[in-house]
Amino acid sequence: MLKSITATSDRLVQRYLPDAFLFAIILTIIVFVLGLVFTGSSPVNMVEYWGQGFWDLLAFAMQMSLIVITGYILANTPFVKGILSKISNMANSPGQAIVLVTVVASIACLINYGFGLVVGALLAIHVAKRIPSIDYRILIAAAYSGFLLWHGGFSGSIPLTIATEGHFLEDLVGVIPITETLFSELNLFIVFILLITLPILNWFLLKARDGNSSIDPELLKTHTQTVEEQKLEKKDLTPAERLEHSQVISMIIGILGLAFIIYHFTTSGFDLNINIVNFIFLFLGILLHKTPRKFLNSVSDAVKNAGGIIIQFPFYAGIMGMMVASGLSEQMSTMFVNISNEVTLPLFAFISAGIVNFFVPSGGGQWAVQAPIMIPAALEIGVDTAKTAMAVAWGDAWTNMIQPFWALPLLAIAGLKVKDIMGFCLIILVWSFIPIAIGLLLF
């Protein structure tokens, strides 16, 4: 039965799911029409909301572009290649490879979502080089499935927000420590079940496939070796070229970067935010490439992977602008609150967050939209606010499995399109609903 379901899901997605850019445009049109129908906004209003929100994700788009670029740069250093190669050696068959990539990607995403996206994709590529007979599309889907756990981990934006003094709902709920959110029985149950079952599910998806998806050798090539990296006689170098090939230059700036990294963790604790992840990737890449010229050669190849993020994220910012300013996202959340009671509110908060996540694919942005509705409702009904917050967090993570927004960095590194993995991710989405829903109803 799973073979039939997998084949059907993959076939439908391959046939009907458009490119990720077209998906963003279609979502834009859908939200525009919904705003006209359900919020009373005029066409002029919706155009205004769209245009004003269009550039709101520029900083975030830059962060995610750098995740792809710096991750690629670091992965193409001999040192990191050696580590990833050793880890990939732990898998000797396609089934073992799927399990290995799922587990590593899941743990990495629990540490930090940006780190996990890059590590999962890069390890998958090394595994594919070692076991070329594996279905590459399922391998990348397995790497992306680890992202399902990110909001239950140390970079979860919602639990970290409400644990910070001065957050916008402090007057209502106070400061909620992560012992009541990330380390709650609810969250630990969901994380544990997904860590155990996702590798098994991905293994079954692999076994359920008819044949293999061939790997384009071009996807697995290392692009950083160029003519300019060949050994040059120092007497043939100009003063400028000597600087480009100087290990001392890279060492000086690299040590300066490491000094700040040490300072950051010394003064801020284990604050592994997206900026410090990018900072670590960047300066380790500078150090491990040894010379500015080798580093810049790697940069030239890396930037080719960030195009999808750069062009698509503004469209999602425009969608978010329409959702929030028109009141459409508020209406969606309120609809679920109106049919909830003290038992079902967390479950409906989770489902509503999953729906809103299609149009507001940002954990922090989604919390800003839904929290003013869900938290007062939880207080009125008598539901624990920490549990309600984690319900929204898991809803945000859940539908990422079929929302191309977050898959873009991983797909850019892997060299695939969104429709290549979404058929498998759809099955992962359906399965993951079960342990999350059980956790929300039991704890």
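Overview of the structure. Keep in mind the model is a prediction, meaning the values are calculated, not measured. (Residues numbered from 1 in each chain as written. Predicted model: local features only at pLDDT ≥ 70, side-chain atom pairs only at ≥ 80, totals over all residues. Heavy atoms only, no water.)

Comments concerning the overall build of the chain
Link 1 in the chain: Counting secondary structure elements, the chain contains 22 helices and zero strands.
Link 2 in the chain: Over its C-alpha trace the chain gives a radius of gyration of 23 Å, about what one expects of a compact globule, namely 22 Å for 443 residues.
Link 3 in the chain: Expressed as lengths along the three principal axes of its C-alpha atoms, the size of the chain is roughly 75 × 50 × 45 Å.
Link 4 in the chain: For the chain, the residues scored as buried account for 55% of the 443 residues in total.
Link 5 in the chain: In the chain, the share of contacts with a sequence separation of at least 24, taken over all contacts with a separation of at least 6, comes to 80%.
Link 6 in the chain: With the model as given, the accessible surface of the chain reaches about 19,100 Å², and the carbon-plus-sulfur share is 67%.
Link 7 in the chain: The average position of the 22 basic charges and that of the 27 acidic charges among the side chains of the chain differ by 18 Å. (Helix = DSSP H or I, 4+ residues; strand = E, 2+ residues; numbered from the N terminus. Rg over C-alpha atoms; globule rule 2.2 N^0.38 Å. Buried < 20%, exposed > 50% of the residue type's maximum accessible area, 1.4 Å probe, protein only. Contact = heavy atoms within 4.5 Å. Areas by Shrake-Rupley, 256 points an atom, 1.4 Å probe, with all protein chains shown as cover. Lys, Arg positive; Asp, Glu negative; His and termini not counted. Charge placed at Lys NZ, Arg CZ, Asp CG, Glu CD.)

Brief notes about the packing of helix α3 (residues 43-53) against helix α16 (residues 307-326)
Link 1 in the chain: Two numbers describe how α3 lies on α16: the axes approach to 7 Å, and their chain directions differ by 130°. Of the possible angle classes, the one that applies to α3 and α16 is oblique. Of the two possible hands of crossing, α3 and α16 adopt the one that is right-handed. Contacts between α3 and α16 involve Met 46, Tyr 49, Trp 50 and Gly 53 from the first element and Phe 315, Ala 317, Gly 318, Ile 319, Gly 321, Met 322, Ala 325 and Ser 326 from the second.
Link 2 in the chain: For the contact of α3 with α16, a count of residues per class yields eight nonpolar, four polar and no charged. (Axes fitted to C-alpha atoms, helices over the stretch in contact; angles between N-to-C directions. Parallel < 35°, antiparallel > 145°, perpendicular 65-115°, else oblique. Left-handed = near helix turned anticlockwise from the far one by under 90°. Nonpolar A, V, L, I, M, F, W, Y, C, P; charged D, E, K, R; others polar.)

Section: the pattern of salt bridges
Link 1 in the chain: Here the structure, examined in full by the defined rule, presents one salt bridge.
Link 2 in the chain: With a closest N to O distance of 3.5 Å, Glu 244 and Arg 293 form a salt bridge. Note that Glu 244 is positioned in helix α12 (residues 239-244) and Arg 293 in helix α15 (residues 292-302), a separation of 49 residues in sequence. (Salt bridge = Lys/Arg side-chain N within 4 Å of Asp/Glu carboxyl O.)

A closer look at helix α2 (residues 20-38)
Link 1 in the chain: In this model α2 runs 26 Å from its N-terminal to its C-terminal C-alpha over 19 residues, within 8% of the 27 Å that 1.5 Å per residue would give.
Link 2 in the chain: Every buried residue of α2 is accounted for by Ala 20, Phe 23, Ala 24, Leu 27, Thr 28, Val 31 and Gly 35. One face of α2 carries all of its buried residues, which in axial projection span an arc of 145°. Those residues of α2 that are exposed and aimed more than 90 degrees away from the buried face are Ile 29 and Val 37.
Link 3 in the chain: Tucked into the core, α2 has its buried residues touching α3, α16, α17 (328-338), α18 (345-359), α21 (404-414) and α22 (418-442).
Link 4 in the chain: With its phi angle positive at about 80°, Gly 40 sits one or two positions after the end of α2. (Expected span 1.5 Å × (residues − 1). Arc of directions from axis to C-beta.)

Quick notes on the environment of Asn 92
Link 1 in the chain: Counting through the fold element by element, Asn 92 comes out in the loop between α5 (78-88) and α6 (94-111).
Link 2 in the chain: Judged by its relative accessible area of 56%, Asn 92 falls in the exposed class.
Link 3 in the chain: Separated by 38 residues in the primary sequence, Asn 92 and Arg 130 have C-alpha atoms spaced 8.4 Å apart.
Link 4 in the chain: Apart from the residues lying within four places of it in its own chain, the contact partners of Asn 92 are Arg 130 and Ile 131.
Link 5 in the chain: Side chain to side chain, Asn 92 and Arg 130 meet in a polar contact 2.5 Å long. (Polar contact = N/O pair within 3.5 Å; in protein donor to acceptor, adjacent residues only side chain to side chain.)

Some points on the packing of aromatic side chains
Link 1 in the chain: Evaluated as defined, the whole model comprises 25 aromatic pairs.
Link 2 in the chain: Consider the rings of Phe 405 and Trp 406, whose centres lie 5.2 Å apart with planes at 80°: the pair is edge-to-face.
Link 3 in the chain: Since its relative accessible area comes to 3%, Trp 406 is described here as buried.
Link 4 in the chain: Three or more aromatic residues joined by ring pairs form one cluster here, namely Tyr 113, Tyr 144, Phe 147, Trp 150, Phe 313, Tyr 316, Phe 405 and Trp 406. (Phe/Tyr/Trp six-rings, centres within 6.5 Å; stacked < 30°, edge-to-face > 60°.)

Quick word on the nonpolar core
Link 1 in the chain: Core analysis: the biggest nonpolar cluster contains 128 residues, and Leu 139, Ile 140, Tyr 144, Phe 147, Trp 367 and Trp 394 have the highest contact counts within it.
Link 2 in the chain: For this core, the leading source of residues is α22, giving 11 residues.
Link 3 in the chain: Among all residues touching Phe 147, those that are not within four sequence positions of it are Cys 109, Tyr 113, Leu 117, Asn 400, Met 401 and Trp 406.
Link 4 in the chain: Counting eight residues, the second-largest nonpolar core is a separate cluster that includes Ile 69, Phe 283, Ala 302 and Ala 306. (Core = buried A, V, L, I, M, F, W, Y, C linked by side-chain atoms within 4.5 Å.)

Looking at the packing of α16 against α17
When two helices pack together, their arrangement is captured by the angle between the axes and the distance separating the axes.
Link 1 in the chain: Running from amino to carboxyl end, α16 crosses α17 at an angle of 65°, the nearest separation of the two axes being 4 Å. On the side of α16, the interface is formed by Met 323, Val 324 and Ser 326, while α17 contributes Leu 328, Ser 329 and Met 332.
Link 2 in the chain: Looking at the contact of α16 with α17 residue by residue, the classes come out as four nonpolar, two polar and no charged.

Focus: the environment of Leu 160
Link 1 in the chain: Note that Leu 160 resides in helix α9 (residues 157-162).
Link 2 in the chain: Among the residues examined, Leu 160 registers a relative accessible area of 33% and is labelled partly exposed.
Link 3 in the chain: For the pair Leu 160 and Ala 97, spaced 63 residues apart in the sequence, the C-alpha separation amounts to 33 Å.
Link 4 in the chain: Ignoring anything within four residues of it in the chain, the contact list for Leu 160 reads Phe 154, Ser 155 and Ile 178.

Side note on a nonpolar patch on the surface
Link 1 in the chain: Residues Val 99, Val 103, Ile 107, Phe 192, Ile 196, Ile 200, Trp 203 and Phe 204 make up a contiguous nonpolar surface patch of about 670 Å² in total accessible area.
Link 2 in the chain: Among the secondary structure elements, those contributing two or more residues to the nonpolar patch are α6 and α11 (185-207).
Link 3 in the chain: Among the elements that make up the nonpolar patch, the one with the highest residue count is α11 (five residues).
Link 4 in the chain: Along the chain, Phe 192 falls in helix α11. (Patch = residues over 30% accessible without salt bridge, like charges linked within 9 Å, V, L, I, M, F, W, Y side chains within 5 Å.)

By themselves, these figures tell us nothing about what the structure is for.
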